[in-house]
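Structural description and commentary
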Amino acid sequence: NQEMTRPTTRIISGPTKDEIVGDTSVFFRFEGGDASTLTRELRYQYQLDDRPQMLTENNGAEDRVLLQNLAEGKHRFVVHAIDREGNVDAVGAQAEFVVDSLPPTVSITQPKRGAVIGGVYPIEGTATDGTDFLDYQIQIFSGARVSGNPLFAPFISTQPVQGNRLYAWDTRAAADGLYTIQLLARDTPNGNFDRSHRAEEIVTIEVDNTSPRAQIK
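Residue indices follow the written sequence of each chain, beginning from 1 at its first position. Note on the predicted model: pLDDT of at least 70 is required for a residue's local features to be given, and 80 or more for side-chain atom pairs to be given and counted; whole-chain, interface and lining totals, by contrast, use all residues. The basis for every side-chain value is the complete set of heavy atoms in the structure, and neither hydrogens nor water enter the calculation.

1. Considering the side chain of Q182
We count it as follows: Note on conventions: DSSP H or I runs of at least 4 residues are helices, E runs of at least 2 residues are strands, and numbering of each starts at the N terminus. Think of it in three bands: residues with accessible area under 20% of the maximum for their type are buried, residues over 50% are exposed, and the middle band is partly exposed, with areas taken using a 1.4 Å probe on protein chains only. Within 3.5 Å is the distance limit for a polar contact, defined as a pair of N or O atoms, with the added protein rule that one can donate a hydrogen and the other accept it, and that residues adjacent in sequence qualify only through two side-chain atoms. What makes two residues a contact is simply this: any of their non-hydrogen atoms within 4.5 Å.
Inspection of the secondary structure puts Q182 in strand β15 (residues 177–187). Owing to a relative accessible area of 5%, Q182 belongs among the buried residues under this scheme. At 2.7 Å, the side chain of Q182 forms a polar contact with the side chain of E200. Beyond its immediate sequence surroundings of up to four residues, Q182 is in contact with Q137, I138, Q139, F141, V146, E200, E201 and I202.

2. A short note on the nonpolar core
Our working rule: Here, nonpolar core means buried Ala, Val, Leu, Ile, Met, Phe, Trp, Tyr and Cys residues that are tied together by side-chain atoms lying within 4.5 Å of each other.
I123, Y136, I138 and W169 are the most contacted members of the largest nonpolar core, which totals 23 residues. Broken down by secondary-structure element, the contributors of at least two residues to this core are β9 (105–110), β11 (120–128), β12 (133–142), β14 (161–170), β15 and β16 (198–207). Residues within four places of I123 in sequence aside, it is in contact with I108, Q110, P111, I138, I140, N164, R165, L166, Y167, W169 and I181. Of all hydrophobic cores here, the second largest spans 18 residues; its members include L48, L67, V79 and F97.

Structure, rendered in structure tokens:
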């Protein structure tokens, strides 16, 4: 007589309980148990969200799967063991996780590239993240690119900014010439499957605080 007891399945590696995944791919390992089938002889089928169920590689013999090209947001992964009699775990093992692979949003709206500025100048723009903002920093370098040491220690703020003042730069402390403003923003890694993301915006401008001289002939 055919054995009708269904196998069981558990996930042994991978994100669960709405953990954050910092990339668009995620790796799961799992294992099954059965009364009459050796673990190494079990096969597996899985489902991601509402997609059709699929066997793992090697006609279901692989006890792992790499999910790729995942969309941002929440996902549900379910895997079922299959014994040698063809009985399928009716419940399966389930994991829900959230993909958050996007970097923060950054922009410098003032000054514009190539602008000539002077005095105490408000650097304006955006440094924010929709879910897990950590901080942003402003650094200013002499010349037309990010190179060497900045003029001063980075200005760092943990407050996100949306289309407003990022930093007030007293250009009078700098010699006239070309400078490059660098805006960096980071988000916060959450859990074992997330990672920090970084975004950058660079603007090169000219500082001119020299008053024009009038000549009388």
